[in-house]
Amino acid sequence: MKITIIGTGYVGLVSGACLAELGNDVMCFDVDGEKIALLQRGEIPIYEPGLEPLVKRNTAAGRLHFTTDVAGSVAHGQVQFIAVGTPPDEDGSADLEYVLAAARGIGRHMRDYRLVVDKSTVPVGTAEKVRAAVAEELARRGKRIDFSVVSNPEFLKEGAAVDDFMRPDRIVIGVADERATQIMRAIYAPIQRNHERMIVMDIPSAELTKYAANAMLATRISFMNEIANLAEKLGADIEHVRQGIGSDARIGYHFLYAGCGYGGACFPKDVTALQQTARETGIEIRILDAVNKVNQAQKSRLLEKITQRFGDDLAGKRFAVWGLAYKPNTDDMRGAPSQVIVPGLIQRGATVVAYDPVAMAQAKRVFAGLAGIGYASSPQAALDGADCLVIMTEWKEFRSPDFDDIKRRLRTPVIIDGRNLYEPAMVRGYGLDYSGIGRG
C-alpha cells in the first residue's frame, strides 16, 4: 500500500520506518528541508534503539522515501498519516496549527479519495477540525472529492518505540465509515496475525483514549512519589511498599516506581492539555492538578536532599551527575528533572560534571551558556574529586557499578539516588552515605 507520513519527528519517523518494514511504499514529508536532507543522507535526527538500521534498510530497499514536496506527498499515498507536533499553547491546550496546516495541504492537492489519519496526540474534536480544513480547501478549488478522517493515536514509548509499533498492546481506531475501517485493518493486518489487537470505536472516544492513558500513567507516578515521601518520614521503604501493592492484580507493578519526577514530551503536555479540554467543557479535573503539582515539586526533591546534607551554600562543592535524559534509551531532555537539578546546584555555587550515554549533545544545547557544568567521557571520570554522586536517569550501565571505585574517586563518599537503583544497606556496606527516594 502507498502511504504518506506528514511529519518526520519522533512519531512520524518511527511510524514511517515501521510501515515500510511491513512492505508498504512509504513517503515521509516534512517542511524542514534540513531534516529531510539529513534523512536522505541516511542520518537519523533522533536517538531511538533499532530505528537507524530500520530506516537505512528500507531506504535502500526503495520502500522509504523523504521529501519536502507537499503536492508529491499528497499524490503518493491514498492514506495520509498526520504525525506533526502539537506543542502546548499559552493556556496549556494543544496547538493544532501544524495539524490543520497538514490537513489544508491534503485538501489543496488531493485528486481522488484520501484517508486522513490523525496520528498526532490531539484533543477531542480535532478530527472534525481536520475534516473541515480539508473540505474548505476542496470547496475553494470547486472540487467534490470523497475523503475520510480517522483517529489512530500513537502509544509509542521512547526507548522502545519500534517494538511498540511492531508488537502493540492495542491499536486504537476511531472511525466513522466502513471504507476507512477496512483500509485501517489492511494496514495493520501484518501485526495482528497472532491475535486481534485493533479496538474500533467512535472518533471522540479514540481521541480521548490517548490523553486518558497518559494521564493515568502520570497519576500513578505522582501517587507513588507522594507515598515515597511519606514513607521516608515514617521510616518505611517504598520498594517494599511497591512490591506489596503491585502484587495485587487490580493494581499491578507497572509505573509504581518512585523517583525524581516524570518528564518527556508526552506526560507533562498531555496532562495539561487534558485539563484544558475539561475546562472548556466546564469541568475541572482536580486530580490532574494535583498530579502536575506533585511532579513539579518532586523534581526539586533531590535538591532538598543535597542541601540537607551539604547546606544551602554549595560554593566549592562539585557534583557528579549520572544521567541527563528524562528516561533511559533516549536522548530526549524535554521536561527532564536534570533541567531543574543542574541549574539549581549551579545557582547555589556548585560545579557539575555530568555523564549520559546518549544525551550529552542535547544537554550541551539545553545548558548552553550555563557556566559551571562540564561533561565527562565516562561515569567514572565524572566521579573524580566530586563531593557527591547524583543519579538522575536509570541507565542500565549505572545499575551494577564498582562501589569501591566510586568511594575511591569521590572526595566525599555520598550518593543521592533519584531513581532508587540500589539497595541502601548494600551500598552503605561499602562505606558510602546513600540516600534514595522513600527508602526509609
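Keep in mind that what you see is a predicted model, and the values were worked out from it rather than measured.

Draft legend 1. Structural context of helix α9 (residues 203–234). Compared with the 46 Å implied by 1.5 Å per residue over 32 residues, the 47 Å span of α9 between its first and last C-alpha is a close match. Phi turns positive one or two residues past the end of α9, at Gly235, with a value near 80°.

Draft legend 2. Fine view of the environment of Leu19. Looking at the element boundaries, Leu19 is found in helix α1 (residues 10–21). Classification of Leu19 as buried rests on a relative accessible area of 0%. Residues Leu19 and Phe403 lie 384 residues apart in sequence; the distance between their C-alpha atoms is 45 Å. The residues touching Leu19, leaving out its near neighbours within four places in the chain, are Ile3, Ile5, Asn24, Val26, Phe81, Phe165 and Ile187.

Draft legend 3. Geometry of the environment of Asn24. Residue position: Asn24 is located in the loop between α1 and β2 (25–29). Remark: the alpha-carbon pair of Asn24 and Leu64, spanning 40 residues in sequence, is separated by 8.4 Å. Filtering out sequence-adjacent residues up to four positions away, Asn24 remains in contact with Met1, Ile3, Leu19 and Arg63. Among the polar contacts made by the side chain of Asn24, one reaches the main-chain amide nitrogen of Met1 at a distance of 3.5 Å. Of note is the side chain of Asn24, whose polar atom sits 2.9 Å from the backbone oxygen of Leu19.

Draft legend 4. Representation of the packing of α9 against helix α10 (residues 238–246) in the model. α10 packs onto α9 with a crossing angle of 130° between their chain directions and a minimal axis gap of 9 Å. Accordingly, the angle class assigned to the pair α9 and α10 is oblique. By crossing handedness, the relation of α9 to α10 is classed as right-handed. Across from Met224, Ile227, Ala228 and Ala231 in α9, the residues of α10 making contact are Ile238, Val241, Arg242 and Ile245. In the contact of α9 with α10, the residues fall into seven nonpolar, no polar and one charged.

Draft legend 5. Fine view of the sheet that holds strand β11 (residues 373–375). Taken together, six strands build an open sheet; the order of strands is β11-β10-β9-β12-β13-β14 and the sheet is parallel. The outermost strands of the open sheet, each flanked by one partner alone, are β11 and β14 (433–435). Each adjacent strand pair in this sheet contributes to an overall mean axis angle of 20°, direction not counted. Pairing of strand β10 (residues 351–355) with β11, which is carried by three bridges, proceeds in the parallel orientation. Directly across from Val352, in β11, lies its bridge partner Ile373. Contacting β9 (318–322), β12 (388–391), β13 (414–417) and β14, helix α13 (residues 301–310) crosses the sheet at an angle of about 160° to β13.

Draft legend 6. Expanded view of the pairing of strand β5 (residues 114–118). Buried residues dominate β5, accounting for five of its five residues. Burial along β5 is two-sided: the face carrying Arg114, Val116 and Asp118 and the face carrying Leu115 and Val117 are both buried. Sheet topology places strand β4 (residues 79–82) next to β5; four bridges connect them, and they run parallel. Directly across from Ile82, in β5, lies its bridge partner Asp118. Between the parallel elements β4 and β5, the chain passes through helix α5 (residues 97–109) in a crossover that is right-handed. Both β5 and strand β6 (residues 147–151) contribute to a ladder of five bridges, which runs parallel.

Draft legend 7. Representation of unusual backbone geometry in the model. At Phe255, a residue that is not glycine, the phi angle is positive and equals roughly 60°. Within the element layout of this structure, Phe255 appears in the loop between α10 and α11 (267–280). Its relative accessible area of 30% is what places Phe255 among the partly exposed residues. At Asn329, a residue that is not glycine, the phi angle is positive and equals roughly 65°.

Draft legend 8. Summary view of the packing of α5 against helix α6 (residues 126–141). As a packed pair, α5 and α6 sit with axes 8 Å apart at the nearest point and diverge in direction by 35°. Viewed along their axes, α5 and α6 form a crossing whose handedness is right-handed. Facing Val99, Leu100, Ala103, Arg104, Gly107, Arg108 and His109 of α5, the residues of α6 in contact are Thr126, Lys129, Val130, Ala133, Val134, Glu137, Leu138 and Arg141. Looking at the contact of α5 with α6, its residues break down into seven nonpolar, three polar and five charged.

Draft legend 9. Geometry of the packing of aromatic side chains. Scanning the entire structure with this criterion turns up nine aromatic pairs. Measuring from ring centre to ring centre gives 6.3 Å for Phe165 and Tyr188, while their planes differ by 45°; the resulting arrangement is tilted. With a gap of 23 residues between them, Phe165 in helix α7 (residues 161–166) and Tyr188 in helix α8 (residues 178–188) connect regions that are remote in the sequence. Its relative accessible area of 6% is what places Phe165 among the buried residues. An aromatic cluster of three or more residues is present, and its members are Phe403, Tyr422, Tyr430 and Tyr434. The ring of Tyr113 has Arg179 sitting right over it, with the charged end atom 3.5 Å from the ring centre. Here the basic side chain of Arg309 rests over the ring of Phe310, its NZ or CZ set 5.1 Å away from the ring centre.

Draft legend 10. Fine view of the pattern of salt bridges. Under the definition given, this model contains 30 salt bridges. In this structure, Arg411 engages Asp387 in a salt bridge whose closest nitrogen and oxygen atoms are separated by 2.7 Å. Remark: Asp387 occurs in the loop between α16 (379–383) and β12 and Arg411 occurs in the loop between α17 (403–409) and β13; sequence separation between them is 24 residues. Residue class for Asp387 comes out buried when judged on its relative accessible area of 3%. Across the pair Arg419 and Glu394 runs a salt bridge whose closest N-O atoms are separated by 3.5 Å. Of the two residues, Arg419 sits in the loop between β13 and α18 (424–428) while Glu394 sits in the loop between β12 and α17, which places them 25 residues apart along the sequence. Owing to a relative accessible area of 22%, Glu394 belongs among the partly exposed residues under this scheme. Salt bridges linked by common partners bring Arg108, Glu136, Glu137 and Arg140 together as one network.

Conventions adopted
- Residues numbered from 1 in each chain as written.
- Predicted model: local features only at pLDDT ≥ 70, side-chain atom pairs only at ≥ 80, totals over all residues.
- Heavy atoms only, no water.
- Helix = DSSP H or I, 4+ residues; strand = E, 2+ residues; numbered from the N terminus.
- Expected span 1.5 Å × (residues − 1).
- Buried < 20%, exposed > 50% of the residue type's maximum accessible area, 1.4 Å probe, protein only.
- Contact = heavy atoms within 4.5 Å.
- Polar contact = N/O pair within 3.5 Å; in protein donor to acceptor, adjacent residues only side chain to side chain.
- Axes fitted to C-alpha atoms, helices over the stretch in contact; angles between N-to-C directions.
- Parallel < 35°, antiparallel > 145°, perpendicular 65-115°, else oblique.
- Left-handed = near helix turned anticlockwise from the far one by under 90°.
- Nonpolar A, V, L, I, M, F, W, Y, C, P; charged D, E, K, R; others polar.
- Pairing = 2+ DSSP bridges.
- Right-handed = clockwise from strand over helix to strand, strands pointing away.
- Phe/Tyr/Trp six-rings, centres within 6.5 Å; stacked < 30°, edge-to-face > 60°.
- Lys NZ or Arg CZ within 6 Å of the ring centre and 35° of its normal.
- Salt bridge = Lys/Arg side-chain N within 4 Å of Asp/Glu carboxyl O.

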